[in-house]
Amino acid sequence: MVELIDLVLLGMLAITALRVIFLKDLFAVVMLFGLYSFLSALIFVNLDAVDVAFTEAAVGAGISTVLMLGTLALTGRKEKANNHTALLPLLVVIITGAALIYGTLDMPPFGHPDNPAHQHVAPRYIEESPKEIGLPNMVTSVLASYRAFDTLGETAVVFAAAIGVLSLLGMPKPGGVAIDSGLKSHLVLRVVAKLVIPMTILFALYVQFHGDYGPGGGFQAGVIAAAAVILYALVFGLPLATHVVRPNFLKVLAALGVLIYAGTGVTSFFLGGNFLDYNVLASDPVVGQHIGIIVIEFGIGITVFAAMLGIFYGFAAQAERTNIQ
Amino acid sequence: MILEVISTILLILGAFFSLTGAIGLFRFPDFFTRVHAASVTDSIATILIITGLILRTDFDLVAVKLLFILIFLLLTSPTASHALAKSARHGGLLTLAEIRESKKGDND
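About the criteria used
Residues numbered from 1 in each chain as written. Chains lettered and ligands numbered in written order. Predicted model: local features only at pLDDT ≥ 70, side-chain atom pairs only at ≥ 80, totals over all residues. Heavy atoms only, no water. Helix = DSSP H or I, 4+ residues; strand = E, 2+ residues; numbered from the N terminus. Buried < 20%, exposed > 50% of the residue type's maximum accessible area, 1.4 Å probe, protein only. Contact = heavy atoms within 4.5 Å. Lys, Arg positive; Asp, Glu negative; His and termini not counted. Charge placed at Lys NZ, Arg CZ, Asp CG, Glu CD. Domains from an automatic or database assignment. Buried area = accessible area lost by both parts, 1.4 Å probe. Salt bridge = Lys/Arg side-chain N within 4 Å of Asp/Glu carboxyl O. Polar contact = N/O pair within 3.5 Å; in protein donor to acceptor, adjacent residues only side chain to side chain. UniProt positions renumbered as here; feature names shortened; annotations may be inferred. Nonpolar A, V, L, I, M, F, W, Y, C, P; charged D, E, K, R; others polar. Core = buried A, V, L, I, M, F, W, Y, C linked by side-chain atoms within 4.5 Å.

### What about the overall build of chain A?
The secondary structure content of chain A amounts to 13 helices and zero strands. Across chain A, helices and strands are ordered from the amino to the carboxyl terminus as α-α-α-α-α-α-α-α-α-α-α-α-α. For chain A, the C-alpha atoms occupy an extent of roughly 60 × 50 × 35 Å along the three principal directions. A total of 325 residues make up chain A; the buried ones form 38% of that total. Within chain A, contacts between residues at least 6 apart in sequence are counted, and of these 72% link residues at least 24 apart. Positive and negative side-chain charges of chain A, numbering 15 and 20 respectively, have mean locations separated by a distance of 21 Å.

Structural data, given as structure tokens:
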């Protein structure tokens, strides 16, 4: 039964990908990308990887769809006609694909318990993490403690992406004149948005601080909180949104999150441990792990929130500028 | 036992309305009728399916979470359909009846 669901979802994924390739209307392509992300999120749920599914749904289907729509507002809706011949690319793709398929023949069978993935570090995490860290959600233990250095790198990547986008596009000036955003007449939309936005922020906080016990954590929470402010900006206009969350404040937040994360690491080696070794943060190692994980998850949440919202501000400000011209 | 039967009936009805919504989305002639078909899936099918799922839980935290999801979807999906139809209207899209009317006017 599970295999059947997987097959149907994978089939739908393939059809969506093919439509994305052949469609010329970029607006529809963006919508199909959102669909693609939701389908892969469903596959992840089916594989019991709820945390990954959560991230995929929040980032892939939520934020990136909005950002791509923001890009479309700048570039236009139609794909340019391509005059190149497709023969050489087709040849390259066929050879690469054949090599990849040939490579999979050597892979160990899918889901077999003797696979290297299930032999190397996973058994140690599963056996030791309840004693060493004691969090019910083992994914958070691995992500925030055993692999804390990797996650620090990921947070820095998010931060660097935001810096890159902002240095290209620039932030909006806070508190400009409120231009009619075209949504003034959408009374129902405004009322429901007012109802939904506080709930979304509350949910983001729940995801942030419940990440130790269930699926969730800093990445998802940051994206959800950013989505709440983006919804506000879409419905009530960008100038009002920049009144609520100032662009300069976002710059500080984005740097602060990475600083909190890296600072936790530095603190731990001033207390006599290794970099990002939370055992030394409290007299009891398990308590120290809990403190460390909550602090760095908070840092991740802040950076992701500021980066996502900053990128959206950048795109929206650019679109507004071109509209005025 | 009775709960399970009721829940099965609700789930099947929900699946049926989802299916009719999907068929309508493909078969209906213009934008507004299609939005209408899609919003049927959003509202009545959601109520039926999630109520059916709630009846299958032990009425614990899972049921409460499902109830939250139901309330959230009931708030947002009809709003989305409404915003879609209204934007199309503002963009100048006419319904089928209005197109027929204007054609009649041209012939006279």
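### Looking at the domain arrangement of chain A
All names here are of chain A. For chain A, the assigned domains read domain 1 (1-109) and domain 2 (136-325). Between domain 1 and domain 2 lies a buried interface of about 1300 Å² when both sides are counted; carbon and sulfur atoms form 83% of it. At the surface where domain 1 touches domain 2, the tally comes to zero salt bridges. At the junction of domain 1 and domain 2, the tally comes to three residue pairs in polar contact (both at pLDDT 80 or more).

### Structural notes on the UniProt feature "domain: MrpA C-terminal/MbhD" (unreviewed entry) in chain A
Using the residue numbers shown here, the UniProt feature "domain: MrpA C-terminal/MbhD" (unreviewed entry) corresponds to residues 12-76 of chain A. Secondary structure content for residues 12-76 of chain A is 89% helix and 0% strand, and the end C-alpha separation is 28 Å.

### Quick notes on the interface of chain B and chain A
By convention, interface size is frequently given as the accessible area that disappears when the constituent parts associate. Contacts between chain B and chain A engage 10 residues on the former and eight residues on the latter. Counting the surface lost from both chain B and chain A, the interface buries some 740 Å², and carbon and sulfur atoms represent 75% of this. In terms of surface lost to chain A, no three residues of chain B exceed B:Leu75, B:Thr79 and B:Lys86, which account for 48% of the buried area on that side. Put simply, chain B and chain A have zero salt bridges between them. Along the contact surface separating chain B from chain A lie zero residue pairs in polar contact (both at pLDDT 80 or more). Here the residues of the side of chain B that touches chain A sort into three nonpolar, five polar and two charged.

### Quick notes on the UniProt feature "transmembrane region" (unreviewed entry) in chain B
All names here are of chain B. Per the UniProt record, "transmembrane region" (unreviewed entry) is found at residues 6-28, 35-55 and 61-80. Taken as a whole, residues 35-55 contains 100% helix and 0% strand, while its terminal C-alpha atoms sit 30 Å from one another. Helix makes up 100% of residues 61-80 and strand 0%, whereas the separation of the span's terminal C-alpha atoms amounts to 28 Å.

### Comments concerning the nonpolar core
With 49 residues, the main nonpolar core has A:Leu250, A:Phe305, A:Leu309, A:Phe312 and A:Tyr313 as its most contacted residues. Looking at this core element by element, the count peaks at 16 residues for helix 13 (residues 285-324) of chain A. When residues of this core are assigned to domains, at least three map to each of domain 1 (1-109) and domain 2 (136-325) of chain A. Contacts of A:Leu250, omitting those with residues within four sequence positions, involve A:Met171, A:Val245, A:Phe305, A:Ala306, A:Leu309, A:Gly310 and A:Tyr313. Judged by nonpolar contacts, the second largest core, of seven residues, contains A:Ile197, A:Ala228, A:Phe236 and B:Ala83.

### Topic: the side chain of A:Thr264
Inspection of the secondary structure assignment puts A:Thr264 in helix 12 (residues 247-270). If we ignore the near neighbours within four places in the chain, the residues touching A:Thr264 are A:Tyr278, A:Leu281, A:Val295 and A:Ile296.

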